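Structure assessment
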Number of protein chains: 2
Amino acid sequence: MSAVPGTFSRRTYYMRASEIRELLKLTEGRDIISFAGGLPDPRTFPKEDLAKIAKEVIEKYGDNALQYSPTPGVTPFRETLAEFLNSHGVSVTKDDQIIVTTGSQEALYLVSLTLIDDGDVVFVEAPTYLAAINAFRVYRPRLVSIPIDEEGMRTDILEEKAKKLAADGFKLKMIYTVPTCQNPSGVTMSRDRRKHLLEIAEKYNMIVIEDDPYSFFSFEPLNVEHLKTMDKNSRVVYLGTLSKILSPGLRIGYAAGPKWIVSYFELAKQMVDLHSSTLTQYIAMEAIKRGLVDSTVEKAKKIYKEKRDAMLDAMEKYFPEGSHWTRPAGGLFVFAYAPPGIDTKSLLPEALLRGVAYVPGASFFVEGGGENTMRLNFSYPTIEQIYEGIKRLGSLIAEKAGKR
Amino acid sequence: MSAVPGTFSRRTYYMRASEIRELLKLTEGRDIISFAGGLPDPRTFPKEDLAKIAKEVIEKYGDNALQYSPTPGVTPFRETLAEFLNSHGVSVTKDDQIIVTTGSQEALYLVSLTLIDDGDVVFVEAPTYLAAINAFRVYRPRLVSIPIDEEGMRTDILEEKAKKLAADGFKLKMIYTVPTCQNPSGVTMSRDRRKHLLEIAEKYNMIVIEDDPYSFFSFEPLNVEHLKTMDKNSRVVYLGTLSKILSPGLRIGYAAGPKWIVSYFELAKQMVDLHSSTLTQYIAMEAIKRGLVDSTVEKAKKIYKEKRDAMLDAMEKYFPEGSHWTRPAGGLFVFAYAPPGIDTKSLLPEALLRGVAYVPGASFFVEGGGENTMRLNFSYPTIEQIYEGIKRLGSLIAEKAGKR
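Being a predicted model, the structure only gives us computed values, none of them experimental.

With that settled, consider unusual backbone geometry. Going from Ala126 of chain A to Pro127 of chain A, the amide bond is cis rather than trans, its omega being 5°. Within the secondary structure, Pro127 of chain A is located in the loop between strand E3 (121-126) and helix H5 (130-137). Of note, Asn205 of chain A is a non-glycine position whose phi angle comes to about 55°, a positive value. With respect to the helices and strands, Asn205 of chain A occurs in the loop between helix H7 (191-203) and strand E7 (207-211). In this structure Asn205 of chain A comes out as partly exposed when scored by C-beta crowding, with 16 C-beta atoms within 10 Å. The phi dihedral of Arg251 of chain B falls on the positive side, at around 60°, and the residue is not glycine. Here Arg251 of chain B is to be found in the loop between strand E8 (236-241) and strand E9 (252-258). Judged by local crowding, Arg251 of chain B falls into the buried class, with 32 C-beta atoms found within 10 Å.

Ala255 and Ile283 of chain A together with Ala255 and Ile283 of chain B are the most contacted members of the largest nonpolar core, which totals 235 residues. Here Ile283 of chain B is in contact with Leu50, Ile53, Ala54, Val57 and Leu250 of chain B, once residues within four sequence places are set aside. Judged by nonpolar contacts, the second largest core, of 27 residues, contains Ala36, Trp325, Ala338 and Ala351 of chain A.

So, about the sheet that holds strand E13 (residues 359-360) of chain B. Residues and elements named next belong to chain B. Spatial strand order, E10-E11-E14-E13: 4 strands in an open sheet with antiparallel pairing. The open sheet has two edge strands, strand E10 (324-325) and E13, and neither has a second partner. Summarising the sheet, E10 and strand E11 (residues 333-337) pair through 2 bridges and their orientation is antiparallel. Residue pairing for E11: Trp325 is matched across the bridge by Ala336.

Taken together, the contact between chain B and chain A spans 69 residues of the former and 69 residues of the latter. If you list the elements that add at least two residues to the side of chain B that touches chain A, you get helix H2 (47-65), helix H4 (103-115), helix H5 (130-137), helix H9 (259-272) and helix H10 (278-289) of chain B. The dominant element in the side of chain B that touches chain A, judged by the number of residues it contributes, is H2 of chain B, at 10 residues. Residue composition of the side of chain B that touches chain A, grouped by class: 33 nonpolar, 23 polar and 13 charged.

In many reports, interface size means the accessible area that the parts give up when they come together. Residue and element names in this part refer to chain A. For chain A, the domain assignment lists domain 1 (10-46 + 294-403) and domain 2 (67-291). For domain 1 and domain 2, the distance between their C-alpha centres works out to 25 Å. In this complex, domain 1 contributes 35 residues to the contact, which on the side of domain 2 involves 34 residues. Looking at the side of domain 1 that touches domain 2, the elements with two or more residues in it are helix H11 (292-318), strand E11 (333-337) and strand E14 (373-377). Within the side of domain 1 that touches domain 2, the residues separate by chemical class into 16 nonpolar, 11 polar and 8 charged.

Its rotation angle being 180°, the transformation that places chain B on chain A also includes 0.0 Å of axial translation and leaves an RMSD of 0.0 Å. The superposition operator between the copies reduces to a two-fold rotation axis. Comparing contact sets, 100% of the residues at the interface of chain B also lie at the interface in chain A, consistent with an isologous, same-surface contact.

Quick look at the packing of helix H2 (residues 47-65) of chain A against H2 of chain B now. Contact pair H2 of chain A / H2 of chain B: the axes reach a minimum separation of 8 Å and the direction vectors enclose 170°. One element, H2 of chain A, and the other, H2 of chain B, form an angle in the roughly antiparallel class. Across from Lys47, Leu50, Ala51, Ala54, Lys55, Ile58, Glu59 and Gly62 of chain A in H2 of chain A, the residues of H2 of chain B making contact are Lys47, Leu50, Ala51, Ala54, Lys55, Ile58, Glu59 and Gly62 of chain B. Residue composition of the contact of H2 of chain A with H2 of chain B, grouped by class: 8 nonpolar, 2 polar and 6 charged.

What follows deals with the environment of Ala336 of chain A. Residue and element names in this part refer to chain A. With respect to the helices and strands, Ala336 occurs in strand E11. Considering only alpha carbons, one finds Ala336 and Arg235, 101 residues apart in sequence, at a separation of 33 Å. Residues in contact with Ala336, not counting those within four places in the same chain, are Met315, Ser323, Trp325, Thr373, Met374 and Leu376.

Take the environment of Pro360 of chain A next. Residue and element names in this part refer to chain A. In this fold, Pro360 is placed in strand E13 (residues 359-360). Sequence separation between Pro360 and Gly394 is 34 residues; the distance between their C-alpha atoms is 15 Å. Those residues within four positions of Pro360 in sequence are excluded, and the remaining contacts are Thr344, Lys345, Leu348 and Met374.

A word on the sheet that holds E3 of chain A. All names here are of chain A. Read across the open sheet, the 8 strands follow the order E2-E9-E8-E7-E6-E3-E4-E5; overall the sheet is mixed. The open sheet is flanked by strand E2 (96-102) and strand E5 (152-153), the only strands paired with a single partner. When E7 meets strand E8 (residues 236-241), the two strands line up parallel, connected through 4 bridges. Of the residues in E8, the one forming a bridge with Val208 is Val236. Running over the sheet, helix H6 (residues 155-167) touches E3, strand E4 (142-149), E5 and strand E6 (172-177) and is turned about 155° from E4.

Calculation criteria
- Residues numbered from 1 in each chain as written.
- Chains lettered and ligands numbered in written order.
- Predicted model: local features only at pLDDT ≥ 70, side-chain atom pairs only at ≥ 80, totals over all residues.
- Helix = DSSP H or I, 4+ residues; strand = E, 2+ residues; numbered from the N terminus.
- Buried ≥ 20, exposed ≤ 12 C-beta atoms within 10 Å, placed from the backbone.
- Core = buried A, V, L, I, M, F, W, Y, C linked by C-beta atoms within 7 Å.
- Contact = placed C-beta atoms within 7 Å.
- Pairing = 2+ DSSP bridges.
- Nonpolar A, V, L, I, M, F, W, Y, C, P; charged D, E, K, R; others polar.
- Domains from an automatic or database assignment.
- Least-squares fit on C-alpha atoms with pLDDT ≥ 70 in both.
- Axes fitted to C-alpha atoms, helices over the stretch in contact; angles between N-to-C directions.
- Parallel < 35°, antiparallel > 145°, perpendicular 65-115°, else oblique.

So, in structure tokens, the structure goes:
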């Protein structure tokens, strides 16, 4: 038997394998300097402490930590998370609800599953986070992209587009944003833009998804408030994760937002995976309580700042005139613009042959454009690899730019 | 702001909170003997060994065990699982693919997401597993239920209904079955019925989902083969879980089936949660390798057989004439039929007042019926609680039956 028409659901037409994951498969086990991933540096993992915590948690709380647990998460862990968020400037009140998810990817998927109908308008940044787009696309929204500059999303353009689309009768459903140390650009949205974004959301009755994997370890003071904290109208849902600030292998993400929204995520999660790992929730709870997340963040900040500085320095040295790039205050990525006319997607095979990988940027732009862009990860490679890889990439781009 | 029409997706209309989970919330923290859950007895958890393994795994393999991992699962763990399944009579060949899921609930959801379109016919047993139905319903199949008897699904009725529905132009998509120690009934499908079921699937080009959480710890020799093993036409997907045979808190399920089907689950999972916990996959891998699953199964079998025997004995003693029940060879449940006319759903509040809980059976029947049935879990309560709870329940039913 082989696949016959009609075997798989129509939904599968709108699922696509992530280009990044497919690309990573190609480089696996080869001697390639990869700027393509988004992996934390394993040196940041507090292995000894987590080993100790895991053992103690099973010994002490095994009857519960090894058992089934409630769909929204282990209750004391959710309380710990709420305290943790409040102490880090993310306001979580009694009108909010926290749901623990299997990585923040599941939170993105629950957003998509419970909110998006065919044709609903979802505003995203250009460029934006690819895995979010992939989770949204399956339920066929009208993805509308808003350009960013050094102050983040251009809310003036958001306002214009919202006005026009509303007038044309479209249902404006939500704004998805990574406002702080954005993926892929590294840019942070300014205070005024945040305020403006919330006003627009209120005017057009949209839900705001604030995806925030990176703000905990910015290398420089950001001087902004979280959208969740600024929200006075119960329309912002905050998504977070322990992947970058403790360990991705625990697979713990979370959504914190108004009960009237998050209760729907819970309903959906019951059906999707019933609950996330009880054991890793207990481990994460103890890690937060013992200050292990805060100390991991401090360690990671130091390592990543050095790596970011190395990458910016290497780019300054090796990238040809006509290219430019972001100077991220946090996060794991630099977003680079090769000289106009260079197509980073068709350049990739040659880059791989020279032993360096990156993610072509075009797929981060949902309405086209960005053909000359690329996302460069600096958290995983070593400093030596960063210099060597950027050197190789820089000369390749210089050659191509010269040839045109 | 509060929910306005059109805020949530149309899909949310077809999501429903599990009655069982809502019910369990009611009984939480109260002095009630609960036969309503489906929790393993925590005495079966190999706490000391798992504590040791968790510590060692993080110390030794932390760079990988705490990191992101591939969507279908940690590669050596999938190899370990394939060996484990083959050595326990579940044939997994080179044409098959295994995907690790966040509990087997996620596998059920991936089945639903990738296979079911509006109106597709999905055959299920009557009664069947509620959480599977809930995962299927969101994509609006035509659920068609096939009665069971002591030999499992009545495949003669399946054949009749398939013939009629195919003639009427319906798309016959799949058969969902828990063939071994079924939930909720405890019944095991006979060898002949299994063969017949596969013939019908072949004739009407249907996919078969063999959901098997319980066969590893049957209390009596079952003398049947797995549908996956009998399948010669690459159409059976086998779903398993470590929840019942090691620990639910690790949240590790898996699907093993033909690549042409399981590759779609992988595509969908990338979007749903990217991957399941890396750490708990490493822990599970070591547990299987060190024989901890096999020893847990042996321990659990002994404990659950005693409890099953206690429940059957108590029912014999305390349940009134006119009631009958299954005698499960494995699993966690007895399925009971109160005398006709007794409505177990409306009886429940009074049962709770007398300090005993169960799940009314009607919701396990997707096309109605079963109003006088109930599912009784014996794995979690103690033997003393089983006798006391069944006594209370028996007298309540007897009173009601007498009054009519």
